[in-house]
Structure formats: structure tokens, C-alpha cells
Amino acid sequence: MQAFSRVEALRAQLAAWRREGARIALVPTMGNLHEGHLELVRQAAREAERVVVSIFVNPTQFAPGEDFASYPRTPDADRQALAREGVDAVFLPVEAEVYPLGRAAATRVSIPALMDDLCGRSRPGHFEGVATVVLRLLNMVGPDVAVFGQKDYQQQLVIRHLVRDLNIPTRILVAPTSREDDGLARSSRNQYLEPAERAQAPALYAALRAVADGLAEGGRSPASLCAAAVATLRDAGFEPEYVELRDAATLAPADPARRPLVVLAAARLGRARLIDNLLIA
Ligand code: PAF
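None of these values were measured; they are calculated from a predicted model.

**Looking at the pattern of salt bridges**
Taken as a whole and judged by the stated rule, the model has 21 salt bridges. Between R23 and E49 there is a salt bridge, and its shortest N-O distance comes to 2.7 Å. Taken as a pair, R23 in the loop between α1 (7–19) and β2 (24–29) and E49 in the loop between α2 (35–47) and β3 (50–55) lie far apart in primary sequence, 26 residues in all. Take R23: its relative accessible area is 41%, and that puts it in the partly exposed class. On the accessibility criterion, E49 (42% relative accessible area) is partly exposed. Close ionic contact of E180 with R186 constitutes a salt bridge, the shortest N to O distance being 3.5 Å. Ionic contacts of the salt-bridge type, sharing partners, join the residues D117, R121, E244 and R246 into one network.

Here's what the structure looks like:
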């Protein structure tokens, strides 16, 4: 596996692979890789002959007061894990490579229709930061396909919108959420949970399933099902931010007669902010 910190050197290698006829897949990450990331890497390897993984803890997607400084950084373990997976290149850019004119002068990407709702309500600027860095990474690597996880449901919709609207020639692939055996969605932030909180954490996914089951049974409105899920989470020790049933393609409020829908939730548990979602096809 080759490691690059400069885009110019990475591009020279990518051009050589392209001359050999290889397709390129990109898996953008913020590092601290876990099994969920490795599943994205395996998906990428099924789609293209060469796999590039980027590791960059993007400062612009952390809202003020969030965990940018303390976000877990484990570059050595990440590189070992990626080498074991047979990844061709890891791209570890320094900030000046990603934001060459500086953060204050950076061109930003805004999609107000998708960014201000749900997680955007409690994380101002977060999705603008995500879209801004993903556009940069796609421009730097020029991949045929880029792979993201379904756990960040609103994020993948933002990225699909960006790619379609700006006519970026990259196919966006979204891999199913990777879960622990007890249902908890894998996330780097799960390590912020104390043992007792970790034992409670699967209640988030259970609450989503309860909304989906209630909808299938019929007779209750989305609002009452989501309110019940919020109450269950509060009883289980969470501080719920939202549980919402939405149109899966647009995130508009759900029409219970239409499919596909998605039920999404965000809740704090101790030091961790957890998110999860469940598609209702
Ligand atoms: O999902 C993530 O890890 C990040 O939001 C991403 C897509 C790598 C952008 O920094």
C-alpha cells in the first residue's frame, strides 16, 4: 500500500493506474477505522480495480464546541488495517492541501434544502463542512465510484445531491449500516460510551424498529409513534434530539401511505452523540 500526503503525487499514481485501464474507488474517512469502514473498503474493492482511502479529520464539519480536538486519531493502526485489506493507496492530506487558501477563504458548498433540518438543527455548519470537503476529495482523486455508509443518512443524501447538481462524474454507492451483534450501529464515537451506557446504547436501534413495527401494524400516526420512541429513549437514559419519520428520498415529512420512508434518530448518551436510521421499503 502506498501512502500520499500530497495531491500531486497521488494524481501521478492515479494517472498511471488509469493508463492500465483500472477503475478507481474512493472511500473518504476521518480515520479511527473500525469494521464498518472496512466493510466500505471491501465494497469499494468489488467496484473497482484500485481502492484509495482518504483519512482527514475535517475541521470545517465540526460545529463550535464539538469534539474536533479530541476526535480519536489512530493513523498507525488505520494504515495497518488498510494494508491488511489490500488497499492500494491511503491519502493523508495535511490541512493546507485540502484548504490551500486557508479555511477562512475557503469556497463552501451549501444546500439549504437538505442541510438545515434534522442533524443540521443541532450541528450548525456540519453538512456545509461535509459537502465542502467531499467536493474537494472528489476533485482531488477523481474516482469512478465513492463509497459512504448508510448510518450517516442525511450526509449521503447531501452527497448524492451535490454530485448530481454539480454534474460530478462519480457514482455514489451507499453501503448498509454495519452493526454490532446487539444492533448498535458501528461508530468511532461509540468509544465515548461508559460500560453502563454501552449496555443501553442498542435501545436506539430498538426504538427505530418499534416505529417501523408500529407503522406496519397501522392505526397510529407517525407523530405518535415517534413521540413514543422519544419517551422510551428518555426512560432508557438518553437525551433524544429527534426521532422522525421522513420520505427516504427527500427527507420531507412522511406520507404514511408512500414508500420508501426512513425513520431517523439522534440522541445523546453520556459523552456520545449517537445517530441511526432504518429504511422502510
Ligand atoms: O462520514 C465521514 O467520516 C465524514 O463525514 C466524511 C464523509 C469522510 C467527510 O469528512
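Picking up after the structure, the text goes on.
**A word on the site of the ligand**
Lining the immediate surroundings of the ligand are P28, T29, M30, Q61, V133, F148, D152 and Q155. Here Q61 contributes a side-chain N or O atom positioned 2.6 Å from an oxygen atom of the ligand. At 2.7 Å from an oxygen atom of the ligand is found a side-chain nitrogen or oxygen belonging to Q155. Contact with the protein chains removes 88% of the 290 Å² of surface that the ligand exposes when unbound.

**Let's talk about α1**
Look at α1: 18 Å from first C-alpha to last across 13 residues, which is about the 18 Å you get at 1.5 Å a residue. Where α1 is concerned, the buried positions are V7, L10, Q13, L14 and W17. The buried residues of α1 all sit within an arc of 125° when viewed along its axis, so they share a single face. In α1, the exposed positions angled more than 90 degrees off the buried face are occupied by E8 and R19. Buried residues along α1 sit against β1 (2–4), β2, β3, β4 (89–91), α4 (95–98) and α7 (126–141). Once α1 finishes, G21 follows within two positions and takes phi at roughly 90°, a positive value.

**Re the side chain of H126**
Here H126 shows up in helix α7. A polar atom in the side chain of H126 sits 2.7 Å from the backbone oxygen of Q61.

**So, helix α8 (residues 153–165)**
Between the first and last C-alpha of α8 there are 18 Å, a value that for 13 residues agrees with the 18 Å anticipated at 1.5 Å per step. Listing the buried residues of α8 in full gives Y153, Q154, Q155, Q156, L157, V158, I159, L162 and V163. Note on α8: the residue one or two positions beyond its end, N167, has a positive phi of about 55°.

**Brief notes about the sheet that holds strand β9 (residues 272–280)**
Strand order in the open sheet made by the 3 strands is β7-β8-β9, with antiparallel pairing throughout. Looking at strand neighbours, the two that pair on one side only are β7 (239–247) and β9, the edges of this open sheet. Neighbour to neighbour, the strand axes of the sheet diverge by 10° on average, direction disregarded. When strand β8 (residues 261–269) meets β9, the two strands line up antiparallel, connected through 9 bridges. Bridge pairing in β9 links L264 to N277.

**Re the environment of V174**
By the element assignment, V174 lies in strand β6 (residues 171–175). Residues V174 and E241 lie 67 residues apart in sequence; the distance between their C-alpha atoms is 25 Å. Residues in contact with V174, not counting those within four places in the same chain, are F148, G149, Q150, Q156 and R160.

**Digging into the environment of C226**
Looking at the element boundaries, C226 is found in helix α11 (residues 222–235). Here the alpha-carbon distance between C226 and L193, two residues 33 residues apart in the chain, equals 24 Å. Residues contacting C226, with those up to four places away along its chain left out, are V211, V243, E244 and L245.

**Side note on the nonpolar core**
Formed by 48 residues in total, the largest nonpolar core has its most connected members in F91, V134 and L251. Looking at this core, the elements with two or more residues in it are α1, β2, β4, α5 (112–115), α7, β5 (145–149), α8 and β8. With 10 residues, α7 is the single largest residue contributor to this core. Leaving out residues up to four positions away in the same chain, F91 has contacts with F4, S5, R6, V7, L10, V52, V53, S54, I55, L137 and M140.

**Considerations on the packing of aromatic side chains**
For the coordinates displayed, the defined rule picks out 3 aromatic pairs. Between F62 and Y71 the ring centres are 5.8 Å apart and the planes differ by 75°, which places this aromatic pair in the edge-to-face class. Of the two residues examined, F62 and Y71, each falls in the buried class. Clustering of aromatic rings is evident, with ring pairs tying together F62, F68 and Y71. The ring of F68 carries R73 above its face, with NZ or CZ at 4.9 Å from the centroid.

Reading guide: rules and limits
- Residues numbered from 1 in each chain as written.
- Predicted model: local features only at pLDDT ≥ 70, side-chain atom pairs only at ≥ 80, totals over all residues.
- Heavy atoms only, no water.
- Salt bridge = Lys/Arg side-chain N within 4 Å of Asp/Glu carboxyl O.
- Helix = DSSP H or I, 4+ residues; strand = E, 2+ residues; numbered from the N terminus.
- Buried < 20%, exposed > 50% of the residue type's maximum accessible area, 1.4 Å probe, protein only.
- Near = heavy atom within 4 Å.
- Polar contact = N/O pair within 3.5 Å; in protein donor to acceptor, adjacent residues only side chain to side chain.
- Areas by Shrake-Rupley, 256 points an atom, 1.4 Å probe, with all protein chains shown as cover.
- Expected span 1.5 Å × (residues − 1).
- Arc of directions from axis to C-beta.
- Contact = heavy atoms within 4.5 Å.
- Pairing = 2+ DSSP bridges.
- Axes fitted to C-alpha atoms, helices over the stretch in contact; angles between N-to-C directions.
- Core = buried A, V, L, I, M, F, W, Y, C linked by side-chain atoms within 4.5 Å.
- Phe/Tyr/Trp six-rings, centres within 6.5 Å; stacked < 30°, edge-to-face > 60°.
- Lys NZ or Arg CZ within 6 Å of the ring centre and 35° of its normal.

Don't take any of this as a statement about function, it's just geometry.
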